[in-house]
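Understanding the architecture of this molecule
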Amino acid sequence: MTMTLDTPAPDVIAKEAGSRPAGRLRRVARPAIGLLLPLGLALAWELAVRFGYSNGRLVPPPSRIWQTLVELSASGELSRHIIATLSRVGTGFGLGIAAGTILGAICGYWTLARRLLDPTFQALRAIPSIAWVPLFILWLGIFETSKVALIAVGVFFPIYLGVMGAILAVDRKIVEVGRIFRLSAFAMIRRIMLPAVLPAYIVSLRSGLGLGWMFVVAAEFMGASEGLGYLLTDGQQLGKPAQIVAAIIVFAVLGKTTDWLIQVAAAPFLRWQDSFGAHAGAA
């Protein structure tokens, strides 16, 4: 008996070696592509102000905004305001996740609870965020509790809707298969319901986080002495458009970063998906 050892052909080895740098380049290029539009607009506006097409008074050029950010960072104000806003969003986001996940799961799984609770939640969802401000100030005061409560309300509704809708959309045939195999209630949730609900749940988390960042601005209008929302109102009252735009840019960067963190944290749990998005991203 003779033993043979299969070795890859030289052209296959060369192809794999060449694909590694290309793969690294694609991983770097993908996020860089998203920067082309904002950087292009910033460069165009900077040139428009430099060549005198605009005085840049109401919409300051990027160089002036950068200078404002450097000054706020050097004085320590920027970090103080960012930490205050992040703590409010983080606390409100956590409370909104807990309430939205629990109530969404109950209403999605239990028909009586859905008929009893969902009409009220849908009515409350239609109330604008600003309408809650005077009521929360009256109930909870102007300090941190009212601000966190307002953010939690904003986060709650997309997560509640996402969880309930995902449970209701689970394929009935898959559930019947679980019952045929006599899965326990815990096994049914872990092996059938949870994988089916998880993709929509991640999307609802991202939607809730986005609303949390929007609601924190309304929350920090409620007598706040620190936070990025305070920077906005301070810039408006003192006539500092560069400070206003700088605060908006910081909001955008923090919002995008936290959204990216959710995507990165969720990626290991969604590797089983054989979806169009996964193949399109790999192309």
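Here is a short report on the structure shown in this document. Throughout, a residue's number is its position along its own chain's written sequence, starting from 1. Residues qualify for local features only when their pLDDT is at least 70, as the model is predicted, and side-chain atom pairs are given and counted only at 80 or more; totals for whole chains, interfaces and linings, by contrast, use all residues. Processing note: side-chain calculations cover all non-hydrogen atoms of the structure and skip hydrogens and water entirely.

The helix count covers DSSP runs of H or I at least four residues long, the strand count covers runs of E at least two residues long, and both are numbered beginning at the N terminus. Counting its secondary structure elements, the chain contains twelve helices and zero strands. Shown N-terminal to C-terminal, the secondary structure of the chain runs as helices and strands in the order α-α-α-α-α-α-α-α-α-α-α-α. The buried label applies to any residue whose accessible area, calculated with a 1.4 Å probe on protein chains only, is under 20% of its type's maximum; exposed applies above 50%, and partly exposed to all values in between. A buried classification covers 35% of the 283 residues belonging to the chain. Accessible surface, the chain as shown: approximately 18000 Å² in total, 69% of it carbon and sulfur. Using the Shrake-Rupley algorithm and a 1.4 Å probe, accessible areas are obtained, with residue cover drawn only from the displayed protein chains.

Over its 15 residues, helix 5 (residues 111–125) extends 20 Å from the first C-alpha to the last, a length consistent with the 21 Å expected when each residue adds 1.5 Å. Bending is quantified residue by residue as the angle between axes fitted to the seven-residue window ending at that residue and the seven-residue window starting at it. The largest bend in helix 5 amounts to roughly 40 degrees and is located at Leu117, with the proline Pro119 lying one to four residues further along. Every buried residue of helix 5 is listed here: Ala113, Asp118 and Phe121. The span expected for a helix works out to 1.5 Å for each residue beyond the first.

Our next topic: the side chain of Asp118. For Asp118, the position within the fold is in helix 5. Here Asp118 sits buried without a salt bridge, and the closest side chain of opposite charge, Arg114, lies 6.5 Å off (N-O distance). We define a polar contact as two N or O atoms separated by no more than 3.5 Å, with the added condition that, inside protein, one atom must be a possible hydrogen donor and the other a possible acceptor, whereas residues neighbouring each other in sequence contribute only through side-chain atom pairs. Polar side-chain contacts of Asp118 include one of 2.6 Å to the side chain of Tyr160. In what follows, a contact means two residues having at least one pair of non-hydrogen atoms within 4.5 Å. When neighbours within four sequence positions are excluded, Asp118 is seen to be in contact with Ala113, Tyr160 and Met164. In this tally, Asp and Glu contribute negative charge and Lys and Arg positive charge; neither His nor the terminal groups of the chain are included. Within this document, salt bridges are pairs made up of a side-chain nitrogen of Lys or Arg and a carboxyl oxygen of Asp or Glu, the two lying within 4 Å of each other.

For the rest of this paragraph, the subject is the layout of surface pockets. Here the second largest pocket defines a volume of roughly 470 Å³. Think of a 1 Å grid over just the protein atoms. A cavity is a set of points where a 1.4 Å probe fits yet cannot get out, a pocket is an open set with protein on both sides within 12 Å along at least five of seven lines, and lining residues have an atom within 4 Å of a point. What lines the second largest pocket is a set of 15 residues, and nearest its centre among them are Pro38, Leu39, Ala42, Pro62 and Ile249. Each residue is assigned to one of three groups, with Ala, Val, Leu, Ile, Met, Phe, Trp, Tyr, Cys and Pro labelled nonpolar, Asp, Glu, Lys and Arg labelled charged, and all others, Gly among them, labelled polar. Its residues placed into classes, the lining of the second largest pocket shows 14 nonpolar, one polar and no charged. Grid points are joined across faces, edges and corners, and a volume is the space filled by probe spheres set on the points.

A word on the pattern of salt bridges. Using the criterion set out here, one finds six salt bridges in the structure. Residues Arg88 and Glu144 are paired through a salt bridge, measuring 2.8 Å at the closest nitrogen-oxygen approach. Highlighted residues: Arg88 in helix 4 (residues 77–109) and Glu144 in helix 7 (residues 144–168), separated in sequence by 56 residues. Residue Glu144 is classed as partly exposed on the basis of its relative accessible area, which comes to 37%. Between Glu220 and Arg88 there is a salt bridge, with the nearest N and O atoms lying 2.8 Å from each other.

Let us now look at a nonpolar patch on the surface. Like charges are joined within 9 Å and nonpolar side chains (Val, Leu, Ile, Met, Phe, Trp, Tyr) within 5 Å, but only among residues with over 30% relative accessible area and no salt bridge; these make up the patches. A grouping of Ile102, Ile106, Tyr109, Trp110 and Leu112 is seen on the molecular surface, where their side chains present a nonpolar patch of about 580 Å² in accessible area. Looking at the nonpolar patch element by element, the count peaks at three residues for helix 4. Relative to the elements of secondary structure, Ile102 occurs in helix 4. The exposed category is assigned to Ile102, whose relative accessible area is 54%.

For Phe, Tyr and Trp, rings pair up if their centres lie within 6.5 Å, where Trp contributes its six-membered ring, and each pair is then called stacked (planes under 30 degrees apart), edge-to-face (over 60) or tilted (otherwise). In the structure shown here, the tally under the stated rule is seven aromatic pairs. Relative to Tyr160, the ring of Phe121 has its centre 5.0 Å away and its plane inclined at 75 degrees; by these criteria the two rings are edge-to-face. Placement of Phe121 in helix 5 and of Tyr160 in helix 7 is noted, with a sequence separation of 39 residues between them. Comparing Phe121 with Tyr160, the two get one shared label, buried. Considering the side-chain rings of Trp213 and Phe251, the 6.1 Å spacing of their centres and the 80 degrees angle between planes classify their relative orientation as edge-to-face. Of this pair, Trp213 sits in helix 9 (residues 185–220) while Phe251 sits in helix 11 (residues 241–266), and the two are 38 residues apart along the sequence. Taken individually, Trp213 and Phe251 each receive the classification buried, so the pair is uniform in this respect.

Axis lines are fitted to C-alpha atoms, over the contacting stretch for helices. Their N-to-C directions set the angle, which ranges from 0 to 180 degrees. Their axes nearest at 10 Å, the elements helix 8 (residues 172–180) and helix 9 cross at an angle of 150 degrees. By the angle class used here, helix 8 and helix 9 are roughly antiparallel. Crossing hand, helix 8 versus helix 9: right-handed. Counted together, Ile174, Val175, Gly178 and Arg179 of helix 8 and Met188, Ile192 and Met193 of helix 9 form the full contact between these two elements. Counted by class, the contact of helix 8 with helix 9 contains five nonpolar, one polar and one charged residues. If an angle is under 35 degrees, it is roughly parallel; if it is over 145, roughly antiparallel; if it lies from 65 to 115, roughly perpendicular; otherwise it is oblique. Handedness of a crossing follows from how the near helix is turned relative to the far one, being left-handed for an anticlockwise turn of less than a right angle and right-handed for a clockwise one.

Here we take up the environment of Tyr109. Along the chain, Tyr109 falls in helix 4. In contact with Tyr109, not counting residues within four places along its chain, are Ile167 and Met193.

Tracing the backbone through its elements, the reader meets Leu39 in helix 2 (residues 36–50). In this structure, the C-alpha to C-alpha distance between Leu39 and Pro62, residues 23 residues apart in sequence, is 9.8 Å.

By the element assignment, Glu220 lies in helix 9. Accessibility expressed as a relative area gives 1% for Glu220, which makes it buried. Setting aside residues no more than four positions away along its own chain, Glu220 makes contact with Thr85, Arg88, Lys147, Glu226, Gly227, Leu228, Gly229, Tyr230 and Phe251.

As far as function goes, none of this settles anything; it's purely spatial.
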